[in-house]
Amino acid sequence: MQQSFRKDHNPALSQGVGHPQNRALLRRTLSAAVALLLGTVTTGVFADSAYAGPDQDRVTITRQHVDAPVPAWNSAAKTLSIQVGQDPADRRVLWLGRGWGGSSAYPIVKHLFSVPEDPELAFLGEVGTMWLSAPQDPGPGNTPIWAGIGVDGSLFGAASRFEAGNYVLDLVSVHGPGRMELFTRTSAGVRRSWSSHDKAYRTIFNPRHMHAFTTFSKPGRYELNVAAVARDARGKTVYTSRVTPVVWQVGGTRPDHGTVKDVRAAFAQARTQRADGGSAQPELTIAQKTNFLVVGDDALTDFLFTTGNTSDRGTLVVTIDGYYMTEVPVENGAASFDEMIGDGASTFQAIYIPGDGASARWASQPVEFSRQHKDPVRITQGTDELVAEGAREISPTLTAQDQQVSSGAIELAIMPLPDGEGHSVALRGDQRLNATFTLGFYPNKRTDIADCSSEGKLVNGQALFVAHMNYCKDSAVARVSIVPHPYANVAPVTLTINNPDISTARVYPLTLPLRANNDYDLHTEPPVDEAPGTPDSPGTPGGSGSPAPSPSPSLNPCPSPTFPRSWKKRPLLSPLDCTSCDSSGAPGYPPGAHCQWQPRNGDQG
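Each chain has its residues counted from 1, running along the sequence as written. Since the coordinates come from a predicted model, pLDDT governs what is reported: local features require at least 70, and pairs of side-chain atoms require 80 or more to be given and counted, while whole-chain, interface and lining totals use all residues. Calculation of side-chain values draws on the structure's entire complement of heavy atoms; hydrogens and water are dropped beforehand.

**Q** An account of the overall build of the protein chain is requested, with residue identities and associated values reported.
**A** Scanning the protein chain from N- to C-terminus turns up four helices and 38 strands. When contacts within the protein chain are restricted to residue pairs at least 6 apart in sequence, those whose partners lie at least 24 apart make up 71%. Total accessible area on the protein chain is roughly 25100 Å²; 49% of this is exposed by carbon and sulfur atoms. The numbering of helices and of strands both runs from the N terminus, where a helix is a DSSP run of H or I of at least 4 residues and a strand a run of E of at least 2. Residue contacts are defined here by distance: any two heavy atoms, one from each residue, within 4.5 Å place the two residues in contact. For every accessible area listed, the method is Shrake-Rupley and the probe measures 1.4 Å; residues are considered covered only by the protein chains on display.

Okay, structure coming up:
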């Protein structure tokens, strides 16, 4: 019987509470399995298989606390860099496996997030839409992984070197099969930090240690390409790290025990005909899972592969939209696994690499499937063509040009609410103004101690919030401090309003100072084999005692995206998707960015 996953939201997957339907499901679970699953042990019948591929040379981080990415500062070289914890990002991979919490009576799935009825989470899709999730609050033993954003201690002392003490952590682009959203959800509401496909959410200002939901719409291998950026106190030099990939393996099997590092090369080198003269008909079957053992199984899809010959042995790699998804062993001619594949359609391909002396390679014809498909699909036709990597929605690349405003005009609007319970406050500026703000009301011009204050971030040049200002009605001075992105052509500024009146609706027109020509020297982190000196903290790329990360990829140049002035809001995707980037990286950033611009239709939505 087909189940509705999108509409029938399961609170146990997102809200940290039990649900009656889970208790019925749990009755079918083996009691021994539940004891292992919900206890403090991290191994047992639900231990993950130790097979994977492209990241077998990296150290796998999973079932533990980790801050990734972490910006760091090298005072001797005056360079910024990106780490995973205290180690080079180039040598680490984060694995989002599976984990549970709660109790045997009220189990909670920690590796899945089902969108609840919360308007603040509408950016994740309809109620019931399923995402794979590195949770904000993990299960026992930090399962599946407790990942967050950190900052190296070297930056705390370096902030005085930067303009307005400001440094940022940018998500430049995401290379992977699906969407990524990083956000926090607390009693104060939802706060979005990073989005792979919405460039309004790409910058974390003055990052501090935080833990969040890191969610992915599809399983597979992702590269989160990040950079740390700051401008010197004189405003004449911009410091930036290399655009550094932070690698996530989402779902699938453990990355560091792989047998096939490059599936395309392995497939090309494998024999094309059986060596024993026998016959075999490989087959791939994909179907919605029906044999539920634990909570969360109803979100899974089963994959079953057979070579058609029970004596065959080898390795099966499955890709999603051309990206690596998982690797499993083939024994006695068969392999099987299950995965949460996401609500959106994806293209799957099974690739068999023989590991014996008789069987031959085989790749299935690509097939489209999603959690919404009711009927199984069975593929017996093979192909010699492997599906190329190609996300259905390409992550647009953030560039320095995205921070250039056309006007410094900004207005502050304050209006008392009709019920007397606070004031509606709005800041409205250029839609490209990416900045933080502080609004404070002061008893006189001499003091820095505010009667009341608010702070936040301008998204697409705007901020709208409700503030309680009863203590501010007699304030003599209001100050608005704006601190833009270091690449911006507008400088940090504090604007003063004398004798503000908040008893009635008022609009205060203000002006931000534009930088003349916005000329600056770009000081980038050198290639890892040239990094001088010892870093301020252990493990910083270039320092002693750390393995040298691999160099950033070199691609071809690409243009900056442009947006018609007639558009009233920034599109979800840019109208141009750049096919590549050269050794200078994304415009304004050093090497390493992944850019893939190509003309697309219907992206103005």
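**Q** Describe the sheet that holds strand β3 (residues 70–74), with residues and values.
**A** Two strands pair under a simple rule: DSSP has to find at least two bridges between them. With respect to topology, three strands assemble into an open sheet ordered β3-β4-β5, the strand pairing being antiparallel. Both outer strands of the open sheet, β3 and β5 (87–88), are each paired with one neighbouring strand and no more.

**Q** Let's hear about the packing of aromatic side chains: which residues, and what values?
**A** Between the rings of Phe, Tyr and Trp (Trp by its six-membered ring), a pair exists once the centres lie within 6.5 Å; its type follows the angle of the planes, with under 30 degrees stacked, over 60 edge-to-face, and the other angles tilted. Within the structure shown, the criterion is met by 16 aromatic pairs. Seen in terms of ring centroids, phenylalanine 162 and tyrosine 239 are 6.2 Å apart; in terms of plane orientation they differ by 55 degrees. Their pairing is tilted. Note that phenylalanine 162 is positioned in strand β12 (residues 162–175) and tyrosine 239 in strand β19 (residues 237–240), a separation of 77 residues in sequence. The pair formed by phenylalanine 162 and tyrosine 239 is uniform in burial state, with each residue classed as buried. A centroid spacing of 5.6 Å and a plane angle of 20 degrees characterise the contact between phenylalanine 437 and phenylalanine 465, whose relative ring orientation is stacked. Note that phenylalanine 437 is positioned in strand β32 (residues 435–442) and phenylalanine 465 in strand β34 (residues 462–467), a separation of 28 residues in sequence. Only protein chains enter the accessibility calculation, which uses a 1.4 Å probe; a residue is then buried when its area is under 20% of its type maximum, exposed when over 50%, and partly exposed in between.

**Q** Please set out the state of the cysteines residue by residue, giving values where relevant.
**A** By definition, a disulfide links the sulfur atoms of two cysteines through a covalent bond. Disulfide: a pair of cysteine sulfur atoms within 2.5 Å of each other. In the structure shown here, the tally under the stated rule is one disulfide. Two residues, cysteine 452 and cysteine 472, share a disulfide whose sulfurs are 1.3 Å apart. Judged by the sign of its S-S torsion, about 135 degrees, the cystine formed by cysteine 452 and cysteine 472 is right-handed. Taken as a pair, cysteine 452 in strand β33 (residues 452–458) and cysteine 472 in the loop between β34 and β35 (477–484) lie far apart in primary sequence, 20 residues in all. An identical accessibility class is assigned to cysteine 452 and cysteine 472; each is buried.

**Q** Pulling in residues and values, what's your account of the side chain of threonine 315?
**A** With respect to the secondary-structure elements, threonine 315 resides in strand β23 (residues 314–320). On the basis of relative accessible area, threonine 315 is assigned to the buried category, the value being 12%. Dropping the residues within four chain positions of it, threonine 315 is found in contact with Thr259, Val260, Glu327, Val328, Val330, Ile351, Tyr352 and Ile353.

**Q** Got a sec to walk through the sheet that holds strand β30 (residues 409–416)? Specific residues and values, please.
**A** The strand order across the open sheet formed by four strands is β34-β31-β30-β37, and the pairing between neighbours is antiparallel. The open sheet has two free edges, formed respectively by β34 and β37 (506–511), since each of these has just one partner strand. Within the sheet, the average angular offset between the axes of one strand and its neighbour, ignoring direction, is 15 degrees. One ladder, built from six bridges, connects β30 with β37; its direction is antiparallel. Axes here refer to lines fitted to C-alpha atoms; in helices the fit is confined to the stretch in contact. Angles between the N-to-C directions go from 0 to 180 degrees.

**Q** Kindly report on the pattern of salt bridges, identifying the contributing residues and their values.
**A** A carboxyl oxygen of Asp or Glu within 4 Å of a side-chain nitrogen of Lys or Arg is what we treat as a salt bridge. Considering all chains together, one arrives at 29 salt bridges under this definition. Across the pair arginine 58 and aspartate 55 runs a salt bridge whose closest N-O atoms are separated by 3.3 Å. Accessibility expressed as a relative area gives 17% for arginine 58, which makes it buried. In this structure, a network of salt bridges that share partners links the residues Asp55, Arg58, Arg221 and Glu223.

**Q** Requested: an account of the nonpolar core, with residues and values cited.
**A** What is meant by a nonpolar core is a set of buried Ala, Val, Leu, Ile, Met, Phe, Trp, Tyr and Cys residues, joined one to another through side-chain atoms within 4.5 Å. Ranked by internal contacts, the top residues of the largest apolar core, which has 48 residues, are Leu94, Ile145, Trp194, Leu224, Val246 and Trp248. Setting aside residues up to four positions removed in sequence, tryptophan 248 forms contacts with Val93, Leu94, Leu96, Ala134, Ile145, Ala147, Thr214, Phe216, Gly220, Arg221, Tyr222 and Leu224. Membership of the second largest hydrophobic core comes to 30 residues, among which are Leu439, Val490, Tyr508 and Leu512.

No statement about biological role is implied by the geometric values presented.
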